[in-house]
Amino acid sequence: MDLLLLLQQTLNGLQLGVMLFLMAAGLTLIFGIMDLINLAHGSFYMLGAYLTAWTMGLVDAFLPAIALALLITAAVGFLVEVTALRRLYGRDHLYQVLATFGLILFFNEGLKLLFGPQPIFLQPPAWLSGQVPLFGAPYPVIRLAIIAVGLASALLLWWLIGHTRLGMLIRAGADDREMVQALGVDIARLFGLIFALGAALAALAGAMAGPVLAVRIGMGEDILILAFVVIVIGGIGSIRGAFLGALLVGLVDTYGRAMLPDLLAMFLERTVADAAGASIASMAIYILMALVLAFRPRGLLPARS
Amino acid sequence: MRNALSAIVAAAAVAIGSAAPTPATAQQELRIGLLTTLSGPGSGLGTDIRDGFRLGLEHLGGRLGGVPTVVIEADDARKPDVAVQKTDEMISRDGIFLMTGQVWSNLTLAMMPTLARNRVFFISPNAGPSALAGKQCNPWFFNTAWQNDNNHEATGAFVQKQGYKSVYLLAPNYPAGHDAIAGFKRYYEGEIKGEVYTPLGQLDYAAEIANLRAAAPEAVFFFYPGGMGISFIKQYAQAGLIEEIPLFGPAFSFSQDILRAVGEAAVGAYNGAQWSPDLDNELNKKFVAAFRETYGRLPSLYAAQGYDTALVIDAAVRNAGADWSDKATFRKALESVVLETTRGAFRFNVNHFPIQDFYVRRVVKLDDGTITNRVVEKIFEDHADAYVGECRMR
């Protein structure tokens, strides 16, 4: 494999990582701070993609369409928190898993009723459709846009959590919920806001990934598993950890798929190497997770150390 | 309160009573299990099969072979363990006479032992793994669609005929993926520049597309059904490769559910298939028009297969006559089905897989903006699969 191809694959890995980060950031916020296992996070991702496709039809401009989709998803997220999840915080995680799994079924069936069972059409707008030459090959502009949006969200979250009053409350709520409540902070409203923020982040991931991936019922479940791997590797509740974990998972997955069959072919017969390489590559991120957990059981950058 | 309670108990008793099969009702009605993927990834395929089958049953007046037919539908969520569990349920609780609906080869292979052990017929409207066509061919298994390799063979023969000197091959890493590549290579003799297997349900193909570009083949053959196909075609077009290296695939990679979601990116691509919405026969015209009217979308080949499956079962029950519920009689009747279907002439080979014609289709954009497939040529006539010789039906 020559150097240019290696650079291209590195860029692909980083881009996949940034896309995963968008998804994982909201998940880790909700899981780490509210201690809520939210399996329905993937549903908000799906909602973001579907709503973007729908609002594109209404306003016919990509950015306003995304903004509208984000707003609606945040509102839906807030509503879900108030009506369904609020009463589950004190309970065992199993109740939360059951309830949010129910939400997955609800959203899947609901969108199927509204949009039909077949995948729907969502393409990037014309100004994001071309390619630019990068490392000796044309690189899709939409993927550069995903990288830019992902990095911008990371910066925004860093600022929000580290340098604003809301962020201070979020950090305090994560450390000692009762003390924050005793100091007169409306923790219920705070959690509602965080949940809505998490839903909006998932919707942003869906809106950005939608033009690249298939927009279909159940699209959230595939990426949800990856997002959980990311936050476990990074350290639950830590935005920085989610960022590092996402980039690692993106790179390991991409390198594995791009190179393992060729590497194995040096020792094995070609057909065996192709099949074995594919199998091992699909395990690579889980092996990475196992290794991280073996040496750092709380993840690479745990939230409360 | 007491009245309400006893009403519920009575209703429950009726419900249980009607669900429990007795020998008498088994004679009077045909109970069919339709287990397919209705939620999550791949649900577009399962829904099309289900809708096609429903339409077929409706066109036959709710009676297959004149026998009142009850269809028990269930969702397998594309998970083998769920499929096996629901199969058990449908056999023991619902008392099904035959099973159909299945989309996926890995689920089909997982369900087969349970069905064969319980002497329940399995008529697959889609999955046709090579194992069940060859050495492990099974008296309880029939396929009304194709053997997995067939549509890939058709594409391979076409790419060979077009004179492309090298190809790059991609498929998911599961039984049907390996069948796909084997099928393509059986009829393509040029250079293979790469053979890539990706995990089932993979989202992003940037890594594979970068490697593919570096390998510089003359053509690309890919087998990605459902969401995988949508992601791959979108990303291939976004990488600017569609004008440089043409895409070829089986019908599954360019079926109607995919075309709706990728738009113009797929226009011009050639794909091998046993069916096309424009195949010129009366039954097909009726099917396409009725499907469009009933469900508000164009049918895919999966929908046509679901419809044809209802026709095949109908013909088998009719062949068998009054004694249809005798399993040996029904098997003989099914084996000897010769029928005009939406795809034209249909009959079973000795391994219970179809013998039929195959076509090459091209993705086109119609004047009204619809993107769909049109037949270009017939590539195989009365084509049988490559594994039938290994089958010793016991």
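The rules behind these values
Residues numbered from 1 in each chain as written. Chains lettered and ligands numbered in written order. Predicted model: local features only at pLDDT ≥ 70, side-chain atom pairs only at ≥ 80, totals over all residues. Heavy atoms only, no water. Helix = DSSP H or I, 4+ residues; strand = E, 2+ residues; numbered from the N terminus. Rg over C-alpha atoms; globule rule 2.2 N^0.38 Å. Buried < 20%, exposed > 50% of the residue type's maximum accessible area, 1.4 Å probe, protein only. Contact = heavy atoms within 4.5 Å. Buried area = accessible area lost by both parts, 1.4 Å probe. Salt bridge = Lys/Arg side-chain N within 4 Å of Asp/Glu carboxyl O. Polar contact = N/O pair within 3.5 Å; in protein donor to acceptor, adjacent residues only side chain to side chain. Disulfide = S-S within 2.5 Å. Domains from an automatic or database assignment. Nonpolar A, V, L, I, M, F, W, Y, C, P; charged D, E, K, R; others polar. Phe/Tyr/Trp six-rings, centres within 6.5 Å; stacked < 30°, edge-to-face > 60°. Expected span 1.5 Å × (residues − 1). Bend = angle between axes of the 7 residues up to and from the residue. Pairing = 2+ DSSP bridges.

Chemist: Tell me about the overall build of chain A, residues and numbers included.
Modeler: Scanning chain A from terminus to terminus reveals 11 helices and two strands. Listing the helices and strands of chain A from first to last along the sequence gives α-α-α-α-β-β-α-α-α-α-α-α-α. In terms of C-alpha radius of gyration, chain A reaches 20 Å, essentially the compact-globule figure of 19 Å for 305 residues. The principal-axis extents of the C-alpha atoms in chain A amount to approximately 65 × 50 × 35 Å. Taken across its 305 residues, chain A has 56% of its residues classed as buried.

Chemist: Help me get a handle on the interface of chain A and chain B, residues and values and all.
Modeler: Between chain A and chain B, the residue contacts involve 46 residues of the former and 40 residues of the latter. For the pairing of chain A and chain B, the buried interface totals around 3,400 Å² over both sides, and the portion due to carbon and sulfur atoms is 52%. If you look at where chain A meets chain B, you find two salt bridges. Among the salt bridges present, the one from E208 of chain B reaches R257 of chain A, with a minimum N-O distance of 2.6 Å. At the surface where chain A touches chain B, the tally comes to 21 residue pairs in polar contact (both at pLDDT 80 or more). By residue number, the principal contributor to the side of chain A that touches chain B is helix α1 (residues 3-34) of chain A, which donates six residues.

Chemist: Account for unusual backbone geometry, naming residues and giving values.
Modeler: Its identity as a non-glycine residue notwithstanding, D60 of chain A has a phi of 60 degrees, on the positive side. Here D60 of chain A falls in the exposed class, since its relative accessible area comes to 67%. Look at R119 of chain B: it is not a glycine, yet its phi comes out positive at around 55 degrees. Looking at the element boundaries, R119 of chain B is found in the loop between α5 (105-117) and β5 (121-124).

Chemist: Can you lay out the state of the cysteines for me, pointing to particular residues and giving the numbers?
Modeler: Residues and elements named next belong to chain B. Per the counting criterion, the structure on display carries one disulfide over all chains. The residue that forms a disulfide with C137 is C391, at a sulfur-sulfur distance of 2.1 Å. In this structure the cystine formed by C137 and C391 twists about its S-S bond by roughly 85 degrees; its chirality is therefore right-handed. Of the two residues, C137 sits in the loop between α6 (130-133) and β6 (141-143) while C391 sits in the segment after β15 (371-383), which places them 254 residues apart along the sequence. Given the relative accessible area of 8%, C137 is considered buried. Of the residues examined, C391 reaches a relative accessible area of 7% and is grouped as buried.

Chemist: How would you summarise the pattern of salt bridges if you had to cite specific residues and measurements?
Modeler: Two side chains bearing opposite charge may form a pair once their charged atoms approach each other closely. Tallied over the full model, the rule gives 27 salt bridges over all chains. R31 of chain B is paired through a salt bridge with E29 of chain B; the nearest N and O atoms lie 2.5 Å apart.

Chemist: Please give an account of the domain arrangement of chain B that cites residues and values.
Modeler: Residues and elements named next belong to chain B. Taken domain by domain, chain B holds domain 1 (2-146 + 280-348) and domain 2 (150-273 + 358-383). The three residues of domain 1 that bury the most area against domain 2 are W146, L298 and L301, which together make up 31% of that side's buried surface. Taken together, the connections running from domain 1 to domain 2 amount to one salt bridge. Between R347 and D382 there is a salt bridge whose closest N-O contact spans 3.9 Å. Taken together, the elements giving at least two residues each to the side of domain 1 that touches domain 2 come down to α5 and α13 (301-320). The element that contributes the greatest number of residues to the side of domain 1 that touches domain 2 is α5, accounting for three residues. Tallied by class, the residues present in the side of domain 1 that touches domain 2 amount to nine nonpolar, five polar and four charged.

Chemist: Now, about the packing of aromatic side chains: what can you tell me, with residues and values included?
Modeler: Residue and element names in this part refer to chain B. Under the criterion given, the structure shown has 40 aromatic pairs over all chains. Ring geometry for Y224 versus F232: centroids 5.4 Å apart, planes at 50 degrees, classification tilted. For Y224, a relative accessible area of 0% puts it in the buried group. An aromatic cluster is present here, built from F97, F121, W140, F142, W324, F330, F346 and F348 joined pairwise through their rings.

Chemist: Could you give an account of helix α10 (residues 226-238) of chain B, with specific residues and numbers?
Modeler: All names here are of chain B. Along its 13 residues, α10 runs 19 Å from first to last C-alpha, staying within 8% of the 18 Å computed at 1.5 Å per residue. Counting buried positions over the 13 residues of α10 gives 12, a clear majority of the element. Of the residues making up α10, those classed as buried are G226, G227, M228, G229, I230, S231, F232, I233, K234, Q235, Y236 and Q238.

Chemist: Help me get a handle on helix α10 (residues 239-265) of chain A, residues and values and all.
Modeler: All names here are of chain A. Taking 1.5 Å of rise per residue, 27 residues should cover 39 Å, and α10 covers 39 Å from first to last C-alpha, within 8% of that figure. A maximum bend of about 45 degrees is found in α10 at M259, where proline P261 lies one to four positions downstream. If you check the start of α10, you find a side-chain oxygen 3.5 Å away from the backbone N of R240, and it comes from S238.

Chemist: So what about the side chain of E208 of chain B? Which residues, and what values?
Modeler: By the secondary structure assignment, E208 of chain B is in helix α9 (residues 206-215). The class of E208 of chain B is buried, set by a relative accessible area of 4%. If sequence neighbours within four positions are ignored, E208 of chain B has contacts with R257 of chain A together with Y168, L170, V196, T198 and Q202 of chain B.

Chemist: Can you lay out the pairing of strand β14 (residues 354-365) of chain B for me, pointing to particular residues and giving the numbers?
Modeler: Residues and elements named next belong to chain B. Burial runs high along β14: 10 of the 12 residues are buried. Relative to β14, strand β11 (residues 270-273) runs antiparallel, the two sharing four bridges. Within β14, the residue paired with N271 across the bridge is R361. Pairing of strand β13 (residues 344-348) with β14 involves two bridges; the strand directions are antiparallel.

Chemist: Just give me the short version of the environment of D280 of chain B, but keep the residues and values in it.
Modeler: Residue and element names in this part refer to chain B. Inspection of the secondary structure assignment puts D280 in the loop between β11 and α12 (282-295). Here D280 falls in the exposed class, since its relative accessible area comes to 65%. For the pair D280 and E73, spaced 207 residues apart in sequence, the C-alpha to C-alpha distance is 32 Å. In terms of polar contacts, D280 uses its side chain to reach the side chain of K285, at 3.0 Å.

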